[in-house]
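One-letter residues, chain by chain:
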Amino acid sequence: MKSTTPIAPEKTFFKIKKDGIDLERYFKRINYTGALSPTVETLQQLHYQHAVSIPFENLNPFLKQPVPLDMESLQRKLVEENRGGYCFEQNLLFAEVLRSLGFQVRGLAARVLWNVPAGVTTARGHMLLLVQAEGEAFLADVGFGGLTLTAPVKLYEQKEQQTPHETFRVVPVEDEFVLQAKIQGNWKPLYRIGLQEQFTPDYEMANWFTSTHPRSPFVNGLMFAKTTPEARYGLRNYELSIHYTNGITEKQVLSNPGQVKTVIEEVFKIPLPTTQELDQALHLIMQPLD
């Protein structure tokens, strides 16, 4: 299954501030000093540096705070304030960087399958990108938490694709695709991708549900993820997991809110607000998520 149809240029996809994205500050945030031409190599390097530099986190919805998606707010939070974010924030920012460098980018949506029982249909609540580079279509996603891609993968390549971390493959299913990761020798589905282009209002609606609905896991629990060259770190409420690239996994259950805050600041390098709301919220989730 192969397509060489180029992605149509965006018309009114993103809201950006008047002067556009500040690439210099973004590159400093992700420690990027490579080429700026819209090539596969540039895409690969940018994708990797973003993934290992900006953590996944849901602190705003956990504290019942808004999650704005305009470019000025995203730059302020993820770049200037050294915070992280989840899929909408991460991938909207990354998409604007790529577009500023001359890449053709299309926003997509996916149904999450990771840790979802078979037969359960989820909403199209995850954002990822379709990027054209040197005549080929790549899936890019810097916002999937504990299994965030550390390299783009070719959409129409059905063979195994190795990244700096896990091995992935893209499986056609009817008129859509499923991204799978090889975990301990077994293929596990991450999400099912539709190729219909998504626009700002689509993401704003999904983001509103994700960040405010009473049953949203982003509202009811704490979730942090960080990728390094040697390991993936995850924090779900009071449980810290470290999955090393050599296959070894370590887990630790933290005993109090103070330890959780220390891990967030020292392991995930996220500055925390000095508010009573955070302490109160941490006391409400004394048990790890299932």
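Residues numbered from 1 in each chain as written. Predicted model: local features only at pLDDT ≥ 70, side-chain atom pairs only at ≥ 80, totals over all residues. Heavy atoms only, no water.

**Q** Lay out empty space enclosed by the protein with the relevant residues and their values.
**A** Taken as a whole and judged by the stated rule, the model has two cavities of 30 Å³ or more. Considering the residues around the largest cavity, the lining is formed by Ala51, Ile54, Pro55, Phe56, Val142, Gly145, Thr148, Ala225, Lys226 and Thr227. Broken down by element, the lining of the largest cavity gets its largest block of residues, three residues, from strand E10 (residues 223-227). Taken together, the residues that form the lining of the largest cavity break down as six nonpolar, three polar and one charged. (1 Å grid on protein atoms, 1.4 Å probe; cavity = no way out; pocket = protein on both sides within 12 Å on 5 of 7 lines; lining within 4 Å. Points joined across faces, edges and corners; volume = space filled by probe spheres on them. Helix = DSSP H or I, 4+ residues; strand = E, 2+ residues; numbered from the N terminus. Nonpolar A, V, L, I, M, F, W, Y, C, P; charged D, E, K, R; others polar.)

**Q** Can you break down the nonpolar core residue by residue, with the values?
**A** Tyr26, Leu98 and Leu129 are the most contacted members of the largest nonpolar core, which has 41 residues in total. Contributions of two or more residues to this core are made by helix H1 (23-29), helix H2 (40-53), helix H4 (71-80), helix H5 (87-100), strand E3 (126-133), strand E4 (136-140), helix H6 (200-212) and E10. Beyond its immediate sequence surroundings of up to four residues, Tyr26 is in contact with His50, Ile54, Val79, Leu93, Phe94 and Val97. (Core = buried A, V, L, I, M, F, W, Y, C linked by side-chain atoms within 4.5 Å. Buried < 20%, exposed > 50% of the residue type's maximum accessible area, 1.4 Å probe, protein only. Contact = heavy atoms within 4.5 Å.)

**Q** Quick one: what's the story with the sheet that holds strand E13 (residues 249-253), residue by residue and with numbers?
**A** Reading across from one edge, E1-E10-E11-E12-E13 is the order of the five strands in this open sheet, with antiparallel pairing throughout. Since the sheet does not close on itself, it has two edges, and those belong to strand E1 (56-57) and E13, each with one partner. The sheet contact formed by strand E11 (residues 231-236) and strand E12 (residues 239-244) spans six bridges and is antiparallel. The partner of Gly234 across the bridge, within E12, is Ser241. (Pairing = 2+ DSSP bridges.)

**Q** Please set out the packing of aromatic side chains residue by residue, giving values where relevant.
**A** Scanning all chains against the criterion turns up nine aromatic pairs. Plain terms: the ring middles of Phe88 and Tyr203 are 6.0 Å apart, the flat faces sit at 55° to each other, and that makes the pair tilted. Taken together, the residues Phe88 in helix H5 and Tyr203 in helix H6 connect sequence positions 115 residues apart. Like Tyr203, Phe88 is buried. Put simply, the rings of Phe56, Tyr86, Phe88, Tyr203 and Phe218 touch in pairs and so form one group of aromatic residues. (Phe/Tyr/Trp six-rings, centres within 6.5 Å; stacked < 30°, edge-to-face > 60°.)

**Q** Talk me through unusual backbone geometry; I want residue IDs and the actual numbers.
**A** In this structure, Gln184 is a non-glycine residue whose phi angle is positive, near 50°. Positive phi outside glycine occurs at Asn237, with the angle close to 55°. In this structure, Asn237 sits in the loop between E11 and E12. On the basis of relative accessibility, which here comes to 1%, the residue Asn237 falls in the buried class.

Function cannot be read off these values alone, since they describe shape.
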